[in-house]
Amino acid sequence: NMSNYMHQMKVGDQLAFKHIAFNVKIQAPFEYKNIVMIAGGTGITPIIQALHAILGDKDSKINVTLLYGSRVKEDILAQEMLDRWASEYPDQFKLIHVLSHEPADSGWKGGRGYINKAMMEEHAAPASTGEDTIIFVCGPPPMYNALCGPRTEQDKVSGLLADMGYTAEQVYKF
């Protein structure tokens, strides 16, 4: 996967990126009381940018929950920084790591499997909070399909988030 490929790169190696025309992002400052961020793998990148804007604003009162899915603990990108932010902003930022392929005997104490309904019910602001809540989703296509539907369909929500009552206005697909 992309995370492993990048991890194996050497200083000086180059990697080309492309811009996707429909890939325009929602911009800070954000006008919500609650932001639920769901990221998978390298999808953490725009989430970190949003977190930096929120946590770097001393006047921000936004409650942020990040459910971050990775395959194994070695795949967690920016773990040290994310863990530090969770420690520094305990009243504003809640971080939940979820590992899908971590060996059972590894001693991992965090979430296991895939981000699911039980995790959302435990950690995320409910759909009933309406326009006070937005969910940012960024990750691989199978994650979009399971949670909210294809990222090319910004005006529709399907999957788990639709089943839980979230609307298209409450879900932003990065």
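Residues numbered from 1 in each chain as written. Predicted model: local features only at pLDDT ≥ 70, side-chain atom pairs only at ≥ 80, totals over all residues. Heavy atoms only, no water.

J.: What am I meant to see in the sheet that holds strand S1 (residues 34-40) here?
T.: Strand pairs in the sheet, formed through backbone hydrogen bonds, run parallel or antiparallel to each other. As summarised here, the arrangement of the six strands in space is S4-S3-S2-S1-S5-S6, forming an open sheet in which the pairing is parallel. The outermost strands of the open sheet, each flanked by one partner alone, are strand S4 (111-112) and strand S6 (171-173). Pairing between S1 and strand S5 (residues 133-138): six bridges, direction parallel. By the bridge assignment, Ala-39 is partnered in S5 with Cys-138. Its contacts with the sheet place helix H3 (residues 79-88) against strand S2 (63-70) and strand S3 (93-99), and it is angled at close to 140° to S3. (Pairing = 2+ DSSP bridges. Helix = DSSP H or I, 4+ residues; strand = E, 2+ residues; numbered from the N terminus. Contact = heavy atoms within 4.5 Å. Axes fitted to C-alpha atoms, helices over the stretch in contact; angles between N-to-C directions.)

J.: Just checking my understanding: could you explain the pairing of S5 for this structure?
T.: The side chains of a regular strand alternate between the sheet's two faces. Among the six residues that make up S5, six are buried, leaving the element largely enclosed by the rest of the structure. Because side chains alternate across S5, one face comprises the buried residues Thr-133, Ile-135 and Val-137, and the other comprises Ile-134, Phe-136 and Cys-138, equally buried. Sheet analysis places S5 next to S6, joined by three bridges and oriented parallel. Its bridge partner being in S6, Ile-135 is matched across the sheet by Val-171. (Buried < 20%, exposed > 50% of the residue type's maximum accessible area, 1.4 Å probe, protein only.)

J.: Please explain the packing of aromatic side chains as it appears in this structure.
T.: Any two aromatic rings considered together are summarised by their centre-to-centre distance and by the angle between their planes. With the rule as written, the count across this model stands at four aromatic pairs. Ring centres of Phe-136 and Tyr-172 lie 6.4 Å apart, and the angle between their planes is 75°; on these two criteria the pair is classed as edge-to-face. A residue pair is termed long-range when its members are at least 10 positions apart, and Phe-136 in strand S5 and Tyr-172 in strand S6 qualify at 36 residues. Pairing Tyr-172 with Phe-174 gives two aromatic rings, centres 5.0 Å apart and planes at 75°, and the pair type is edge-to-face. The burial state of Tyr-172 is the same as that of Phe-174; both residues are buried. (Phe/Tyr/Trp six-rings, centres within 6.5 Å; stacked < 30°, edge-to-face > 60°.)

J.: How should I be thinking about the environment of Leu-95 in this particular structure?
T.: Structurally, Leu-95 is set in strand S3. On the basis of relative accessible area, Leu-95 is assigned to the buried category, the value being 17%. A sequence separation of 29 residues divides Leu-95 from Leu-66, and the C-alpha atoms of the two residues are 4.9 Å apart.

J.: Looking at this structure, I do not really get the side chain of His-123. What am I missing?
T.: Within the secondary structure layout, His-123 lies in helix H4 (residues 117-123). On the accessibility criterion, His-123 (17% relative accessible area) is buried.

J.: Which parts of the structure should I look at to understand the side chain of Asp-75?
T.: Assignment of secondary structure puts Asp-75 in the loop between S2 and H3. Buried charge Asp-75 goes without a salt bridge, the closest partner of opposite sign being Arg-71 at 4.6 Å. Those residues within four positions of Asp-75 in sequence are excluded, and the remaining contacts are Asn-1, Asn-4, Tyr-68 and Ser-70. (Lys, Arg positive; Asp, Glu negative; His and termini not counted. Salt bridge = Lys/Arg side-chain N within 4 Å of Asp/Glu carboxyl O.)

J.: Can you walk me through the nonpolar core in this structure?
T.: Side chains of a nonpolar character, in soluble globular proteins, are inclined to be buried together. Membership of the largest hydrophobic core comes to 49 residues, with the highest contact counts inside it found for Met-37, Ile-38, Leu-51, Leu-66, Met-120, Phe-136 and Leu-161. Tallying contributions element by element places helix H2 (residues 44-55) first for this core, with seven residues. (Core = buried A, V, L, I, M, F, W, Y, C linked by side-chain atoms within 4.5 Å.)

J.: Before we go on, may I ask you to explain H2 in this structure?
T.: The periodicity of an α-helix, 3.6 residues per turn, causes residues three or four positions apart to be oriented the same way. Over its 12 residues, H2 extends 16 Å from the first C-alpha to the last, a length consistent with the 16 Å expected when each residue adds 1.5 Å. All of the buried residues along H2 are Ile-44, Pro-46, Ile-47, Ile-48, Ala-50, Leu-51, Ile-54 and Leu-55. On its buried side, H2 packs onto S1, S2, H3, S3 and S5. (Expected span 1.5 Å × (residues − 1).)

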